[in-house]
Amino acid sequence: MRGAQAIGMGVAGALAVGLAAGCSPTGGSDDKAAPPRSVLTGQPGAAGRVLAVKIDNVGAARPQTGLNDADIVYGIEVEGGLSRLMAVYDSNHMPPVVGPVRSARETDLQLLAQYDHPALAFSGAQSRLLPVLKKSDLVARTGTSSFFRSSGKPAPHNEYLHTKGLTDGAGAARNIGLEFSGTVPAGGAPGTTASAAMPAARFTFTWNGSAYRVAMDGVRSPWTADNVIIQHVTVKESRFHSRTGFVPFSQTVGQGSGTVLRDGRSYSVRWDRPTADAGTAYTHDGRTVPLRPGRTWIILAPDGSQSR
């Protein structure tokens, strides 16, 4: 009897030690110890609700406001081969003001479909596109009291946005295919500078040892990025035409080539997004290239197959 009691006490003691060490009775680890991390940046803290803002990027609009607070910044081709930006924020760390705000395009509909019901703030849209935007899964934010004009820049490059309350009703951030790691992945090539071009715009990213400095059209900006993805896409004519000429539509569903930049290294990748509601994978030698935890710029660079 005493032997049975001793064995029982030994089992109970071992079980107590295991539980105190954060282990389950079957030897599995306790997942409660893992801190939440943002699916958009890989940094501590779960991402909140998503707000995307269309931002002007011609010379008269620079410097913009609030870009270094964005989790992700997209560079997108618009009319005349110029570029426009889309900055993606989450409600947990939004700047109070963003801008200058400009109009939406068809590219935005497909690009944002991989997010979960995000809010999109824009200044306007083509007359046939506007009702499509408002009937989509996007929470359209336009023409409200949150928008205001600044005297610091000429119109139409002076419309700004108070962000408070604009993520109300929007979906929480979900995984759009990005993976993160503090460890620099194997492979790649050393390189401190890389560029991406559109017909009438150019982005240059220079590694300074801690981040990538962003230059646009040959002019250095105050913006930085922890990662850069240059994603080569097919650019077609949008079904929402303009009387002023060719309206680009950047195809982000499908496959293509690209480059991932992190920690002063360059990785040739293939991107793959099978459906509009799927995330985008960026792989090198068949494996996803993890990004450095932090902010990412994604440039949708035309691959040369566009029809104009």
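Structure's up top.
Residues numbered from 1 in each chain as written. Predicted model: local features only at pLDDT ≥ 70, side-chain atom pairs only at ≥ 80, totals over all residues. Heavy atoms only, no water.

The subject of this paragraph is the packing of aromatic side chains. Pairs of aromatic rings are described using the distance from one ring centre to the other and the angle between the two planes. Evaluated as defined, the whole model comprises 3 aromatic pairs. Seen from their ring centres, Trp207 and Tyr212 are 4.9 Å apart, and the 55 degrees between their planes marks the pair as tilted. Judged on exposure class, the residue Trp207 and its partner Tyr212 are both buried. (Phe/Tyr/Trp six-rings, centres within 6.5 Å; stacked < 30°, edge-to-face > 60°. Buried < 20%, exposed > 50% of the residue type's maximum accessible area, 1.4 Å probe, protein only.)

Let us look at the layout of surface pockets. By volume, the largest pocket amounts to about 250 Å³. Around the largest pocket, the lining is made up of 15 residues, and of these Glu79, Ala125, Gln126, His241 and Ser242 lie nearest the centre. Among the residues forming the lining of the largest pocket, the class breakdown is 5 nonpolar, 6 polar and 4 charged. Roughly 190 Å³ of internal volume is contained in the second largest pocket. What lines the second largest pocket is Leu109, Leu112, Ala113, Tyr115, Asp116, His117, Pro118, Ser136, Asp137, Leu138, Arg174 and Asp277. The class makeup of the residues in the lining of the second largest pocket is 6 nonpolar, 2 polar and 4 charged. (1 Å grid on protein atoms, 1.4 Å probe; cavity = no way out; pocket = protein on both sides within 12 Å on 5 of 7 lines; lining within 4 Å. Points joined across faces, edges and corners; volume = space filled by probe spheres on them. Nonpolar A, V, L, I, M, F, W, Y, C, P; charged D, E, K, R; others polar.)

As a further point, take empty space enclosed by the protein. Evaluated as defined, the whole model comprises 2 cavities of 30 Å³ or more. The calculated volume of the largest cavity comes to roughly 70 Å³. Along the lines of polarity and charge, the residues of the lining of the largest cavity split into 7 nonpolar, 4 polar and 1 charged. If you add up the space inside the second largest cavity, you get close to 40 Å³. Along its surface, the second largest cavity is lined by Gly177, Leu178, Glu179, Ile229, Val260, Tyr282, Thr288, Val289 and Leu291. Counted by class, the lining of the second largest cavity contains 6 nonpolar, 2 polar and 1 charged residues.

Turning our attention to the sheet that holds strand S4 (residues 97-98). Sheet strands pair by backbone hydrogen bonding; their relative direction is either parallel or antiparallel. Across the sheet, 3 strands lie side by side as S4-S8-S7; this open sheet has antiparallel pairing. In this open sheet, the two strands that pair with only one neighbour each are S4 and strand S7 (147-149). (Pairing = 2+ DSSP bridges. Helix = DSSP H or I, 4+ residues; strand = E, 2+ residues; numbered from the N terminus.)

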